[in-house]
Amino acid sequence: TLHRPSMAEPPSVLPLPLAWPVIPAASASFGARFAVPNVPLPLYVNFTNGGNEPAATTWINLTLGPSLSFVSAAVPATATGAQVELVLPDASVGADSVLVTVAAAPAVADGDALTVSGSLRPTDGFGNLLGAVPVPTATVLVALPDVSFRLSPANATAAAGPPGPLTLNGGNARARDRPPG
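The structure presented is a predicted model; accordingly, all values stated were derived computationally and were not measured.

(A) Inspection of the overall build of the protein chain at higher detail. A tally of helices and strands in the protein chain yields zero helices and twelve strands. Taken from the N to the C terminus, the helices and strands of the protein chain come in the order β-β-β-β-β-β-β-β-β-β-β-β. Counting across all 181 residues of the protein chain, residues that qualify as buried make up 27%. Partitioning the intrachain contacts of the protein chain with sequence separation of at least 6 by distance along the chain shows that 72% fall at a separation of at least 24.

Following this line, the structure appears as structure tokens:
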């Protein structure tokens, strides 16, 4: 006899393993305590894929503050003004970090706050675009060198004339911008 399930019997279900990338949060951090004009500044976009499948592609979109410019990235990138789009192929399961190099504009002022924010969007193994993950704002302060001049002997005067020796004592970050300690 042929058994026909009744409406009261649940259909047979075969368990299928589900796999997809899961990136619940992301962050950005600068790789230096201070920014100096025109000096390359490392920026790291950090995230963890806690899923059970690599993300086939992860799109990282960053918005640079007005005093920052894009220099380079460790992954393919396109920059248009303040917008930078990075393409990370195959974000493995586990922690990951993408290096982006930026630079402070020549005209920044001492103590200015430079910012970067954005979002990250992974795709699953079928190429489906998953939900956007915000990259909260990261900030670094500008520290211009504090250079002082001193004539030796102390009663010497500086005037136009033939070249003479000039000694510069090293510059350092301005004291008002350094954290205590």
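(B) Spatial organisation of the nonpolar core. Counting residues in hydrophobic clusters, the biggest one holds 33 residues, and the most contacted among them are F30, F47, L62, L114 and L120. Elements with a minimum of two residues in this core: β1 (26-30), β3 (40-49), β4 (55-64), β7 (83-91), β8 (94-104), β9 (113-122) and β10 (133-142). The element contributing the most residues to this core is β10, with five residues. Other than its neighbours up to four places away in sequence, L114 contacts F30, A35, S67, L68, A104, V108, A138, T139, V140 and V142.

(C) View of the sheet that holds β9. Strand order in the open sheet formed by six strands is β2-β10-β9-β4-β7-β6, with mixed pairing between adjacent strands. With partners counted over all chains shown, the strands left at the sheet margins are β2 (34-35) and β6 (77-80), one partner each. Bridge count for β9 against β10 is seven bridges, and the pairing is antiparallel. In the sheet register, G118 faces β10, and the bridge partner there is V135.

(D) Region of the structure containing the sheet that holds strand β5 (residues 68-73). If you trace the four strands from one edge of the open sheet to the other, you get β1-β3-β8-β5, paired in antiparallel fashion. If you trace the sheet from one side to the other, it starts and ends with β1 and β5, each paired once. Strand-to-strand twist of the sheet, defined as the mean angle between neighbouring strand axes without regard to direction, takes the value 30 degrees.

Procedures and definitions
- Residues numbered from 1 in each chain as written.
- Predicted model: local features only at pLDDT ≥ 70, side-chain atom pairs only at ≥ 80, totals over all residues.
- Heavy atoms only, no water.
- Helix = DSSP H or I, 4+ residues; strand = E, 2+ residues; numbered from the N terminus.
- Buried < 20%, exposed > 50% of the residue type's maximum accessible area, 1.4 Å probe, protein only.
- Contact = heavy atoms within 4.5 Å.
- Core = buried A, V, L, I, M, F, W, Y, C linked by side-chain atoms within 4.5 Å.
- Pairing = 2+ DSSP bridges.
- Axes fitted to C-alpha atoms, helices over the stretch in contact; angles between N-to-C directions.

Any functional reading would require information beyond the geometric quantities listed.
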